[in-house]
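For reference, the chains in residue letters:
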Amino acid sequence: MVDTHPALALRAELYHALAEVLVPPMLWMTQPGMMWPLYEAARALRPFSHSARQAAETLASIGTETEQERLARYEAAFMGNGRPRLWLYESMMVNGRLLGPETQKLALLYQTAGLQMVSSELPDHASMELTFLGYVAEMQVNDPENRWRWQKLERSFIKKHAGRWLPEVGRALARSGDDVYAPIGSLLANWLEEALQPPRQPKTAVFLPTIPTPADCTLCGFCVQICPTKALAVYETEQETALLLATAACIGCRKCEHICDTQAIKMAATTEISPPAAALRRSPRAVCAGCKRPLVSQAELDYVARQLGHPAWLNYCLDCRPQIMMESAA
């Protein structure tokens, strides 16, 4: 994990978002995964974290459900008949009983850090430990003079507490195969394990679509239709058609590359997501030979012409085309 100032604030957001998805589902969790704070945090952390980059694609695939359906998933993942399938308390996971030594240790630790418990949950609940890690990550930004102390506390807390048991919870969720909680579990386990690794450079590379040879792109728009995060879009004026990429929204899933019939799209590694938007392909729009109104892009027209042998009517709009075809037939 790269230890840079932008990543510190993003780490705090990820910890807080993980805390929110490990309690009974809130109303916003009924929305598609792409609208979750957890997805936003993972997507933003892609250049800095391998686990976040992996999670972004799987979280983006989570669909919409009702509040009751989401709650049923939560209960299936964590609840059981008489005994929970997965305990969300460190004391139970480590010592097999509630209100164990860890409960008291964490209450004292939070108090020492200047925090006051206002939640009805026990201090060693997963959401409380992740919220505390979010606070510690925030302090690395807000208290730069003591940043190294907060960084040391984060690593120590993961090593002595969160990292001892939450990765096991995460792996169990991942093994469940549940469409919602399996990707959450994978991110939880991988993130905490990655957080203990020494900081490294350079930034983790991300893969973004490129079009090395613009003439190969026909601007057919299939890549736009298949993009799960709407990172690709066709923008058209009366003079030009362009294929645009919103780099921050791209999760590197390669679906655009796979669907491209002319193999114009190639994924390329980069360590910088800049600029926020880029034009992958531009083409002037063709003009109707009759009424001079704009047609499709010249790139698309040229492609169709190559397939059909460029009949004369192809240069005309739908309004002018019947007249031209009748004159040709006569």
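Look up: the structure comes first, before these words.
Below is a short write-up of the structure. (Residues numbered from 1 in each chain as written. Predicted model: local features only at pLDDT ≥ 70, side-chain atom pairs only at ≥ 80, totals over all residues. Heavy atoms only, no water.)

1. What about the overall build of the protein?
Step number 1: Broken down by element type, the protein carries 13 helices and 6 strands.
Step number 2: In terms of principal-axis extent, the alpha carbons of the protein reach across some 95 × 50 × 30 Å.
Step number 3: The buried share of the protein, reckoned over its 330 residues, is 45%.
Step number 4: Counting contacts in the protein only where the partners sit at least 6 residues apart, residues at least 24 apart contribute 66% of the total.
Step number 5: Total accessible area on the protein is roughly 16700 Å²; 55% of this is exposed by carbon and sulfur atoms. (Helix = DSSP H or I, 4+ residues; strand = E, 2+ residues; numbered from the N terminus. Buried < 20%, exposed > 50% of the residue type's maximum accessible area, 1.4 Å probe, protein only. Contact = heavy atoms within 4.5 Å. Areas by Shrake-Rupley, 256 points an atom, 1.4 Å probe, with all protein chains shown as cover.)

2. Observations regarding helix 2 (residues 37–44)
Step number 1: Along helix 2, the residues classified as buried are Leu38, Tyr39, Ala41 and Ala42. Seen end-on, helix 2 carries its buried residues on one side only, within an arc spanning 165°. (Arc of directions from axis to C-beta.)

3. So, unusual backbone geometry
Step number 1: Despite not being glycine, leucine 99 shows a phi value in the positive range, around 55°.
Step number 2: Within the fold, leucine 99 resides in the loop between helix 5 (90–95) and helix 6 (101–112).
Step number 3: For glutamine 263, which is not a glycine, the phi torsion comes out positive at approximately 55°.
Step number 4: Checked against the element boundaries, glutamine 263 lands in the loop between helix 11 (255–259) and strand 4 (266–270).
Step number 5: According to the relative accessible area criterion, glutamine 263 is exposed, its value standing at 55%.

4. Looking at the pattern of salt bridges
Step number 1: Taken as a whole and judged by the stated rule, the model has 12 salt bridges.
Step number 2: In this structure, the salt-bridge partner of glutamate 40 is arginine 43, at a minimum N-O distance of 2.8 Å. Residue glutamate 40 and its partner arginine 43 are located together in helix 2, separated by 3 residues, close to a single helical turn.
Step number 3: The exposure class of glutamate 40 is partly exposed, given its relative accessible area of 34%.
Step number 4: For arginine 285, the salt bridge is made with glutamate 236, and the minimal N-O distance between the two is 3.7 Å. Remark: glutamate 236 occurs in strand 2 (residues 232–236) and arginine 285 occurs in strand 5 (residues 277–287); sequence separation between them is 49 residues. (Salt bridge = Lys/Arg side-chain N within 4 Å of Asp/Glu carboxyl O.)

5. So, helix 3 (residues 50–60)
Step number 1: The complete set of buried residues in helix 3 reads Ser51, Ala52, Arg53, Ala55, Ala56, Leu59 and Ala60.
Step number 2: Contacts from the buried residues of helix 3 go to helix 2, helix 9 (181–195) and strand 1 (206–210).

6. Brief notes about the packing of aromatic side chains
Step number 1: Taken as a whole, this structure holds 9 aromatic pairs when the rule is applied.
Step number 2: Measuring from ring centre to ring centre gives 4.8 Å for phenylalanine 132 and phenylalanine 157, while their planes differ by 55°; the resulting arrangement is tilted. Within this pair, whereas phenylalanine 132 is found in helix 7 (residues 126–142), its partner phenylalanine 157 is found in helix 8 (residues 147–176), the two being separated by 25 residues in sequence.
Step number 3: By relative accessible area, which is 3% here, phenylalanine 132 ends up buried. (Phe/Tyr/Trp six-rings, centres within 6.5 Å; stacked < 30°, edge-to-face > 60°.)

7. Structural notes on a positive patch on the surface
Step number 1: Where like charges cluster on the molecular surface, the positive patch consists of Arg149, Lys152, Arg155, Lys159 and Lys160.
Step number 2: For lysine 159, the location among the structural elements is in helix 8.
Step number 3: Assessed through its relative accessible area of 64%, lysine 159 is described here as exposed. (Patch = residues over 30% accessible without salt bridge, like charges linked within 9 Å, V, L, I, M, F, W, Y side chains within 5 Å. Lys, Arg positive; Asp, Glu negative; His and termini not counted. Charge placed at Lys NZ, Arg CZ, Asp CG, Glu CD.)

8. A word on the packing of helix 3 against helix 9
Angle between the axes and distance between the axes: these two values describe a pair of packed helices.
Step number 1: Between helix 3 and helix 9, the shortest axis-to-axis distance is 9 Å and the interhelical angle comes to 170°. With respect to helix 9, the axis of helix 3 lies roughly antiparallel. Of helix 9, the residues touching helix 3 (which contributes His50, Ser51, Ala52, Gln54, Ala55, Thr58 and Leu59) are Pro183, Ile184, Leu187, Asn190, Trp191 and Glu194.
Step number 2: Of the residues that constitute the contact of helix 3 with helix 9, the class distribution is 7 nonpolar, 5 polar and 1 charged. (Axes fitted to C-alpha atoms, helices over the stretch in contact; angles between N-to-C directions. Parallel < 35°, antiparallel > 145°, perpendicular 65-115°, else oblique. Nonpolar A, V, L, I, M, F, W, Y, C, P; charged D, E, K, R; others polar.)

9. What to know about the side chain of glutamate 90
Step number 1: With respect to the helices and strands, glutamate 90 occurs in helix 5.
Step number 2: Among the residues examined, glutamate 90 registers a relative accessible area of 0% and is labelled buried.
Step number 3: Setting aside residues no more than four positions away along its own chain, glutamate 90 makes contact with Asn95, Glu102, Leu106, Asp124, Glu129, Lys160, His161, Arg164 and Trp165.

10. Some words on empty space enclosed by the protein
Step number 1: Taken as a whole and judged by the stated rule, the model has 1 cavity of 30 Å³ or more.
Step number 2: Volume-wise, the largest cavity comes out at about 90 Å³.
Step number 3: Together, 15 residues line the largest cavity, and Cys227, Leu232, Cys250, Cys253 and Cys256 are the ones closest to its centre.
Step number 4: Class assignment of the residues belonging to the lining of the largest cavity gives a composition of 11 nonpolar, 2 polar and 2 charged. (1 Å grid on protein atoms, 1.4 Å probe; cavity = no way out; pocket = protein on both sides within 12 Å on 5 of 7 lines; lining within 4 Å. Points joined across faces, edges and corners; volume = space filled by probe spheres on them.)

11. A word on the environment of lysine 152
Step number 1: Locating lysine 152 in the fold gives a position in helix 8.
Step number 2: When its relative accessible area of 57% is taken as the criterion, lysine 152 is described as exposed.
Step number 3: Separated by 16 residues in sequence, lysine 152 and valine 136 place their C-alpha atoms 9.7 Å apart.

12. Digging into the environment of arginine 285
Step number 1: Separated by 48 residues in sequence, arginine 285 and threonine 237 place their C-alpha atoms 8.4 Å apart.
Step number 2: In this structure arginine 285 touches Glu236, Thr237, Glu238, Gln239, Glu240, Thr241, Pro294, Leu295, Val296, Ser297 and Gln298, once residues within four positions along its chain are discounted.
Step number 3: Reaching out from arginine 285, the side chain makes a polar contact with the backbone oxygen of leucine 295 at a distance of 2.8 Å. (Polar contact = N/O pair within 3.5 Å; in protein donor to acceptor, adjacent residues only side chain to side chain.)

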